[in-house]
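Letter by letter, the chains look like this.
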Amino acid sequence: MNSPLRKKLLGLLFAFFLCLISQAIQPVQSYASLPDEVQVFAGRQAEVRLAVPATSSAVVDRPDIVGLDGQEQAVNVTKLEPLHLHPQQTGHAKLTLKLWGKIPVKTVNVNVIPDLRVVPGGQTIGVKVKSAGILVVGHHLIGAGQDQRVSPGEDAGIKLGDLITHMDGKRLEGVSGVAEAVERAGKSKKGIDVVLKRGNETVKTRLTPAYDAEDQAWRLGLYIRDSAAGVGTLTFYAPDQGVYGALGHVITDMNTQTSIVVGSGQIVQSNVTSISKSESGDPGEKRAHFLKESKILGNIERNTAFGIFGKMSNNPDHSLYSKGIPVAFSREVKEGPAEILTVVEGQQVERYSIDIVHVADQSEPATKGLVLRITDPKLIEKTGGIVQGMSGSPIVQNGKLIGAVTHVFVNDPKSGYGCFIEWMLQDAGVMLKKETSKNLKAG
């Protein structure tokens, strides 16, 4: 055989082997992208789409905890058909996937948690929150005589969005505490030792008040605030745990756009008096007021990326549900018809039809989990679509609570974002986070 022909044959063989190797490696790499853990509810059949890259089978080590299609033996898994899990009782099982039914390539931890049902909300609520300190929302210059203007706070390196927690070693309970400390320091001509929070960082500084010759008072040259109030929507009430979740997004200060660190707060009954309709480029709003001697519905303990959370002892008035309904994991949410619960007049909660037009693949908590579009002509006529104050409105699909409305698209007010209820339930402490469940298994 001549040399050129030999080289050509060797090249073809090499290419052939490369193809074989790539065909073998590709499925293994694809298995690595499958989830390490899946949560399911006890007693409730679950569909899990594993999108395996090649002919595979699945088997569990604890069929007494999780059954596969009612069988104890291995079952086939395909790209097109979901795997049906039958959780029998709470606990942990290992689901092993085998390439071509023989080679173990992936183990998925199946965490069976107690069945969970919560009461969907929809009620408009008044939100009153006090920050865990004094929030700096601006700087201003002080007339200190002879045309000199200074801002002691800015000179001390204090920035917008900083949260002042202590002055001269004393914890601040409100803005009145600041005025007393400033007056005392100014008259004694001493600086004030300040401790503040800047994000996750603790900063210490010292500032010296300046005398405002115009107002004849000692000033810091800072605009500060210790509370905020507004209107939103209750998402759920969890009767077994005595907690609630609302809003679906973080409360931020309107001046600094920083999230408010909650010191205390409460949610109260609220009454919708009118609606400013949404238009392209101009999101509308619910106009509402807190009822006289409004009934306190719950306290506010946390303000997170997924809303506000706290204790609640009873299902509030005007609920459309007298008892809890199932909740859905993010993987269970589908594109298609759904409904939201919200108030557009008075305190009456009503159902309105929507379409889920996009569902994000989120295995970990993240905002903007789904895109929804209002389709209900009654709601569109009344509000123009999604308006401010509607955030937190629960989304129900196929009899399950799946999420909450969070934001409106400014240029298309009939559409907006929603978050998955799974992440809200985790922040409420109703559902364990995956890292927590892993720690429990390790213990």
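Residues numbered from 1 in each chain as written. Predicted model: local features only at pLDDT ≥ 70, side-chain atom pairs only at ≥ 80, totals over all residues. Heavy atoms only, no water.

- In the nomenclature of an unreviewed UniProt entry, the chain is known as Stage IV sporulation protein B of Paenibacillus tundrae.

### Observations regarding the pattern of salt bridges
Phase 1 of the analysis: Inspection of the entire model under this criterion finds 15 salt bridges.
Phase 2 of the analysis: Between R206 and D193 there is a salt bridge, with the nearest N and O atoms lying 2.7 Å from each other. A residue pair is termed long-range when its members are at least 10 positions apart, and R206 in strand β16 (residues 201–207) and D193 in strand β15 (residues 192–198) qualify at 13 residues.
Phase 3 of the analysis: Accessibility expressed as a relative area gives 41% for D193, which makes it partly exposed. (Salt bridge = Lys/Arg side-chain N within 4 Å of Asp/Glu carboxyl O. Helix = DSSP H or I, 4+ residues; strand = E, 2+ residues; numbered from the N terminus. Buried < 20%, exposed > 50% of the residue type's maximum accessible area, 1.4 Å probe, protein only.)

### What about the sheet that holds strand β4 (residues 66–68)?
Phase 1 of the analysis: Here three strands make up an open sheet; going across it, the order is β2-β6-β4 and the pairing antiparallel. Because the sheet does not close on itself, it has two edges, and the strands there are β2 (46–48) and β4. Averaged over all pairs of adjacent strands, the angle between strand axes in this sheet comes to 35°, irrespective of strand direction.
Phase 2 of the analysis: As defined by bridge partners, β4 adjoins strand β6 (residues 83–87) across three bridges and the pair is classed as antiparallel. Within β6, the residue paired with G67 across the bridge is H86. (Pairing = 2+ DSSP bridges. Axes fitted to C-alpha atoms, helices over the stretch in contact; angles between N-to-C directions.)

### Observations regarding the nonpolar core
Phase 1 of the analysis: Ranked by internal contacts, the top residues of the largest apolar core, which has 66 residues, are F236, I267, I308, I340, I395 and L425.
Phase 2 of the analysis: With near-sequence residues (within four places) excluded, I267 lies in contact with I125, G126, V127, L234, Y244, K295, I296, L297, G298, I300, I308 and M312.
Phase 3 of the analysis: Counting residues in hydrophobic clusters, the runner-up holds 23 residues, among them V38, L50, L83 and V112. (Core = buried A, V, L, I, M, F, W, Y, C linked by side-chain atoms within 4.5 Å. Contact = heavy atoms within 4.5 Å.)

### A word on helix α3 (residues 175–188)
Phase 1 of the analysis: Given a rise of 1.5 Å per residue, 14 residues ought to cover 20 Å, and the 20 Å separating the end C-alpha atoms of α3 matches this to within 8%.
Phase 2 of the analysis: Among the residues making up α3, those that are buried are V178, A181, V182, A185 and G186. Looking straight down α3, one finds that the buried residues subtend no more than 125° of arc, so they occupy a single side. α3 presents E180 and K187 as exposed residues on the side facing more than 90 degrees away from its buried surface. (Expected span 1.5 Å × (residues − 1). Arc of directions from axis to C-beta.)

### Remarks on helix α5 (residues 421–428)
Phase 1 of the analysis: A large share of α5 lies buried, amounting to eight of its eight residues.
Phase 2 of the analysis: Restricting attention to buried positions, one finds in α5 the residues I421, E422, W423, M424, L425, Q426, D427 and A428.
Phase 3 of the analysis: Once α5 ends, the next one or two residues include G429, with phi positive near 85°.

### Details of the sheet that holds strand β27 (residues 336–343)
Pairing between sheet strands relies on hydrogen bonds along the backbone, with the strands arranged either parallel or antiparallel.
Phase 1 of the analysis: Strand order in the closed barrel made by the six strands is β27-β28-β29-β32-β31-β30, with antiparallel pairing throughout. Ignoring strand direction, the axes of neighbouring strands in this sheet form an average angle of 45°.
Phase 2 of the analysis: Pairing of β27 with strand β30 (residues 394–397), which is carried by two bridges, proceeds in the antiparallel orientation. Looking across to β30, one finds that E339 is bridged to V396.
Phase 3 of the analysis: Contacts between α5 and the sheet are confined to β31 (400–409) and β32 (412–420), with β32 contributing the most and set at about 50° to the helix.

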